[in-house]
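One letter stands for each residue in the lines below.
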Amino acid sequence: MAIDYAQLARIHGLLQQRDELRSRLARIPKLIKDVENKRLTVAKARDAIKEALTSAKKSWHEKELTLKQRADRVENFKLKRNTCETNREYQILNDQIAADVTANSVLADEILETLERIEQLEQDVKQAEANVIAADRECQQGIEQLKQKEATVQSELAAVEGELRAAERILIGDVGSVYRRMVETRGAGALAETDGETCGECHQVLTIQTKNELWQQHTIFCKGCGSLMYIPPADLAKK
Ligand SMILES: [Zn+2]
């Protein structure tokens, strides 16, 4: 049975376009997710800085409290020292005072460092908040663009599917059934262009009989992969 190879070539081209458009559509949810993840990463970075700030402030308050308690203790030791009855007692109190004073001097330095760190973190939080605002905007724009792209691809796809349905009308009866089953699972792989020597899909070498039938534009399914084969119209014209 003969079939119009120019029309098969056209169907093949439309199937390839449809496969390409479908895979572009399929990628869009992942692209949207990527855009959202980028925004989440920026928001998480901001949260981490805020947490660091909270814990730096907590540490500062704790250090201030320790400093105060130790200073109070030093004052108490000094009072006790005035009422000492032995040199040994006096010496012990003196040592305790000296130890607390040294510890508090170290602690005072640490408090200064903590305050510097808090100041830096407060600036970082401001910057991070600005980053989140920018990332929110980018995310929104990115998703909008992707949705627009999705709509464009969907309408292109609808157009291609319309043309395809019209072109596929030549595939009737058993040939049509076999073709439609294959298209379901293989998409454009249901058809194979051939140079008249090998199948363009699976590269199986064709028999002389198959070659002859191909040049007469018969309906031929490849014995290797099952594809419906055709010789491109430009090659047919050269013959
Ligand atoms: Zn094949």
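Just so we're clear, the structure is a prediction, and the values are computed from it rather than from any experiment.

Moving on, we come to the overall build of the protein chain. A tally of helices and strands in the protein chain yields 5 helices and 3 strands. Its helices and strands taken in sequence order, the protein chain reads α-α-α-β-α-β-β-α from the N to the C terminus. What you see for the protein chain is a C-alpha radius of gyration of 40 Å, clearly larger than the 18 Å of a compact globule of 239 residues, by over 25%. Overall size of the protein chain, expressed as C-alpha extent along the three principal axes, is 125 × 35 × 30 Å. Expressed as a percentage of the 239 residues in the protein chain, the buried residues total 31%. Contacts in the protein chain between residues far apart in sequence, at least 24 positions, make up 72% of those at least 6 positions apart.

Here we take up the coordination of the zinc ion. The protein atoms that coordinate the zinc ion are C199 (SG), C202 (SG), C222 (SG) and C225 (SG), at distances spanning 2.3 to 2.4 Å. Geometry at the zinc ion is tetrahedral, judged from its 4 donor atoms and the angles of 99 to 113 degrees they form at the metal. Going along the chain, you hit the donors of the zinc ion in the pattern C-x2-C-x19-C-x2-C. Judged by relative accessible area, which is 0%, C199 ranks as buried. With a relative accessible area of 31%, C202 lands in the partly exposed category.

Another point: the domain arrangement of the protein chain. The assigned domain composition of the protein chain is domain 1 (17-168) and domain 2 (171-239). Between the C-alpha centres of domain 1 and domain 2 there is a distance of 62 Å. Facing the 4 residues of domain 1 at the interface are 7 residues of domain 2. Buried surface at the junction of domain 1 and domain 2, both sides included, amounts to about 380 Å², of which 33% is carbon and sulfur. Of all residues in domain 1, R18, D19 and E168 give up the largest surface area on contact with domain 2, accounting jointly for 96% of the area buried on that side.

Turning our eyes to something else, we now look at the sheet that holds strand β2 (residues 220-221). The 3 strands are arranged β1-β3-β2 in an open sheet whose pairing can be described as mixed. Every interior strand has two partners, whereas the edge strands, β1 (191-193) and β2, have only one. Note: β1 against strand β3 (residues 228-230), 3 bridges, orientation parallel. Bridge pairing in β3 places E193 opposite Y230. Contacting β1, β2 and β3, helix α1 (residues 5-82) runs over the sheet at an angle of about 120 degrees to β3.

For C222, the location among the structural elements is in the loop between β2 and β3. A residue is classified by how much of its surface remains accessible, and C222, at 5% relative accessible area, is buried. When the C-alpha positions of C222 and L191 are compared, they lie 9.4 Å apart, and in sequence the two are 31 residues distant.

Right, let's get into a negative patch on the surface. Together, D109, E113, E116 and E119 make up a region of like negative charge exposed at the surface. By the secondary structure assignment, E113 is in helix α2 (residues 87-167).

A word on the pattern of salt bridges. With the rule as written, the count across this model stands at 15 salt bridges. For R22, the salt bridge goes to E161, with nearest N and O atoms at 3.5 Å. Of this pair, R22 sits in helix α1 while E161 sits in helix α2, placing them 139 residues apart in sequence. Given a relative accessible area of 39%, R22 falls into the partly exposed group. Linked by salt bridges that have partners in common, R46, D47, K50 and E129 make up one network.

Turning our eyes to something else, we now look at unusual backbone geometry. In this structure, H203 takes a positive phi of about 65 degrees despite not being glycine. With respect to the helices, strands and loops of the structure, H203 is situated in the loop between β1 and α4 (208-215). The phi dihedral of Q217 falls on the positive side, at around 55 degrees, and the residue is not glycine. Here Q217 lies in the loop between α4 and β2.

Each value, and the rule that gives it
- In this convention, every chain numbers its residues from 1, walking through the sequence in written order.
- Reporting of local features is limited, given that this is a predicted model, to residues whose pLDDT is at least 70; pairs of side-chain atoms are given and counted only at 80 or more, and all residues count toward the totals for whole chains, interfaces and linings.
- Computation of side-chain values covers all heavy atoms of the structure but excludes hydrogens and water.
- Helix numbering and strand numbering both begin at the N terminus, where a helix is a DSSP run of H or I of at least 4 residues and a strand a DSSP run of E of at least 2.
- For the radius of gyration, the atom set is restricted to C-alpha positions; the globular benchmark scales as 2.2 Å times the number of residues to the power 0.38.
- For each residue, the accessible area found with a 1.4 Å probe, counting protein chains only, is set against the maximum for its type, and the residue is called buried under 20%, exposed over 50%, and partly exposed in between.
- Throughout, a contact is declared for two residues whenever any of their heavy atoms are within 4.5 Å.
- With water excluded from the atoms, a metal site may look incomplete; its donors are any N, O or S atoms within 2.8 Å, or within 3.2 Å for Na, K and Ca.
- Geometry is assigned from donor-metal-donor angles: four donors are tetrahedral when every angle falls between 85 and 135 degrees, four are square planar and six octahedral when opposite donors sit over 155 degrees apart with all other angles between 65 and 115, and any other arrangement is irregular.
- Domain limits in this description derive from either an automatic procedure or a database domain assignment.
- Using a 1.4 Å probe, buried area is obtained as the accessible area two parts lose upon being combined, added over both of them.
- The rule for pairing is simple: two strands pair if DSSP sees at least two bridges between them.
- Axis lines are fitted to C-alpha atoms, over the contacting stretch for helices. Their N-to-C directions set the angle, which ranges from 0 to 180 degrees.
- Exposure above 30% relative accessible area and the absence of a salt bridge qualify a residue for a patch, where like charges join within 9 Å and nonpolar side chains (Val, Leu, Ile, Met, Phe, Trp, Tyr) within 5 Å.
- Throughout, the Shrake-Rupley method with a 1.4 Å probe supplies accessible areas, and for residues the shown protein chains are the sole cover considered.
- The term salt bridge refers to a pairing of a side-chain nitrogen on Lys or Arg with a carboxyl oxygen on Asp or Glu at a separation within 4 Å.
- We count Lys and Arg on the positive side and Asp and Glu on the negative side, and we leave His and both chain ends out.
- Every charge is mapped to an atom, namely NZ of Lys, CZ of Arg, CG of Asp or CD of Glu.

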